[in-house]
Structures are given as C-alpha cells and as structure tokens.
Amino acid sequence: VLEMRPDGLVSVDDPAAVWLAEAGERVGSCVFPVLEGSRALLVEIQALVGPTEVVPPRRVAVGVDRTRLAQVIAILSRHAGLRLGDHDVFVSVAGGARALEPAADLAIALAVASAHRDRPIGAGTVAFGELGLTGGLRPVTGDERRLAAASARGLKCAIIPDGAYVAPGSTKVHVAGAATVRAALDAAF
C-alpha cells in the first residue's frame, strides 16, 4: 500500500490503521481480514439498511462484488429470517479498499444484519467465511494469516466457519466457529 506525498510515493507501514480508523462498536460495521498477496490486511465493511418504497429496492456495493452482495442478502432473508425485500441495502469497504473474495461473505452478512437490527457487533470482532446457498458456512484459505493479522491488531474475537484449521496456541484471538449463517449471527449478537 502506497501513499503519495510531496516527496513521492511512500510505503504505508500499517494500512489497517488508516482503514480501521473509525472501526469499532458501531452499527453496520464489521472487520474483515482480506488477503492481498502473502499477507492479510484488516478492512472495515460498512452497511446501511433502510426501508424504501422504491421497487425494486436498491442494492449498492462499493468495494465488494455486487452479485455476491445480492446472494448474501438472499441467504440472510431465507436462512436467517431477515426481511430485506422492502429495504435498500448499501455496502462499502471503508477507505476505498476492496474485498472481492468469497471469504468476505460472512463479514458482509454481519454488517448488513447489524445495520438491519440496529445493533452493533461486539467491539474487537473480526469475521470471515464463505456463505453457501443453503445457509452453511464454508472454510476459506488463509485462516491462520487472517487470525494473525487480527491478533496483531489487538482484536479479541473471530467468527469463522466450523472446520477452519487453527493450530492450537497459534493465536490470541478467541475463535467462535459457526456451521450456519444463523449460528454466526447468534455468536455476533
């Protein structure tokens, strides 16, 4: 990650400090460890959900895949009981970062659920995992790198799919495994 300064391009030592500057215990916010090359970078996924009379409701994605956002919304509606059919849903990755991998599904789902329920996710929580169309959570690659990045940043809890490989004693982050999107929502709230 580079930043343009008067003396030219300079490497940013801690991009998470920029991207997570306002992250915390806020409604519609979830931290996600995105893999960029060989390292994991923490980004904040933000969501805004509000009722609308516009048909069809708007689905706006900035920094996340629009098709995956529509899929996550459908999964939340079908398997977690969130009624989003008459709500606009806006999702963005703060700071202009991108989270295009399937591993972002769970963080997107938690941010949307937080915004819809008007309840924040616990402070210091990170989430990652792919959502299946059946409502199940699927493990993703890079579990240990993602958890190491969360631990280095001082985050305390990770909500991840059951079956994800985490070597005993490899992280200081408390790992809460979930088999389904409903179980992940229960763990987050």
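Look above for the structure.
Residues numbered from 1 in each chain as written. Predicted model: local features only at pLDDT ≥ 70, side-chain atom pairs only at ≥ 80, totals over all residues. Heavy atoms only, no water.

1. Examining the side chain of Ser114
Moving on, step 1. Counting through the fold element by element, Ser114 comes out in helix α3 (residues 105-117).
Moving on, step 2. The residues touching Ser114, leaving out its near neighbours within four places in the chain, are Arg26, Val27, Gly28, Ser29, Arg119, Pro120, Ile121 and Phe189. (Helix = DSSP H or I, 4+ residues; strand = E, 2+ residues; numbered from the N terminus. Contact = heavy atoms within 4.5 Å.)

2. Describing unusual backbone geometry
Moving on, step 1. The residue after Val55, namely Pro56, is reached through a cis peptide bond having omega -5°.
Moving on, step 2. Take Pro56: it is sitting in the loop between β4 (39-51) and β5 (59-62).
Moving on, step 3. Non-glycine residue Asp118 carries a positive phi angle of around 60°.
Moving on, step 4. Here Asp118 lies in the loop between α3 and β7 (125-127).
Moving on, step 5. When its relative accessible area of 58% is taken as the criterion, Asp118 is described as exposed. (Buried < 20%, exposed > 50% of the residue type's maximum accessible area, 1.4 Å probe, protein only.)

3. So, the environment of Ile75
Moving on, step 1. Looking at the element boundaries, Ile75 is found in helix α2 (residues 66-79).
Moving on, step 2. Not counting the four nearest positions on each side in its chain, Ile75 is found in contact with Ala80, Leu131, Gly132, Leu133, Gly135 and Val181.

4. Structural notes on the pattern of salt bridges
Moving on, step 1. Overall, the coordinates contain 5 salt bridges when judged by the stated rule.
Moving on, step 2. When the shortest N-O distance is used, the salt bridge between Glu130 and Arg68 registers 3.8 Å. You can see Glu130 sitting in strand β8 (residues 130-131) and its partner Arg68 sitting in helix α2, a full 62 residues away along the chain.
Moving on, step 3. Taking relative accessible area as the criterion, Glu130 reaches 21% and is therefore assigned partly exposed. (Salt bridge = Lys/Arg side-chain N within 4 Å of Asp/Glu carboxyl O.)

5. Comments concerning the side chain of Asp105
Moving on, step 1. Within the secondary structure layout, Asp105 lies in helix α3.
Moving on, step 2. Apart from the residues within four sequence positions on either side, Asp105 is in contact with Arg68, Val72, Gly129, Glu130 and Leu131.

6. A word on α2
Moving on, step 1. Look at α2: 20 Å from first C-alpha to last across 14 residues, which is about the 20 Å you get at 1.5 Å a residue.
Moving on, step 2. Taken as a whole, α2 has its buried residues at Arg68, Leu69, Val72, Ile73, Ile75 and Leu76. Buried residues of α2, seen end-on, are gathered within an arc of 160° and therefore sit on one face of the element. Those residues of α2 that are exposed and aimed more than 90 degrees away from the buried face are Arg66, Thr67 and Arg78.
Moving on, step 3. Looking at the buried side of α2, the elements it contacts are β5, β6 (87-93), α3, β8 and α5 (181-188).
Moving on, step 4. One side-chain oxygen of the residue at the start of α2 lies 3.0 Å from the amide nitrogen of Thr67, identifying that residue as Asp65.
Moving on, step 5. Once α2 finishes, Gly81 follows within two positions and takes phi at roughly 75°, a positive value. (Expected span 1.5 Å × (residues − 1). Arc of directions from axis to C-beta. Polar contact = N/O pair within 3.5 Å; in protein donor to acceptor, adjacent residues only side chain to side chain.)

7. Observations concerning the nonpolar core
Moving on, step 1. If you look at the biggest cluster of nonpolar residues, it comprises 58 residues, and the most contacted ones within it are Phe32, Ile45, Leu76, Val91, Ile108, Leu110 and Val112.
Moving on, step 2. No other element matches the 9 residues that α3 contributes to this core.
Moving on, step 3. If near-sequence neighbours (up to four positions away) are discounted, Val91 is found in contact with Ile45, Gln46, Ala47, Val60, Ala61, Val62, Val64, Leu69, Ile108 and Val112. (Core = buried A, V, L, I, M, F, W, Y, C linked by side-chain atoms within 4.5 Å.)

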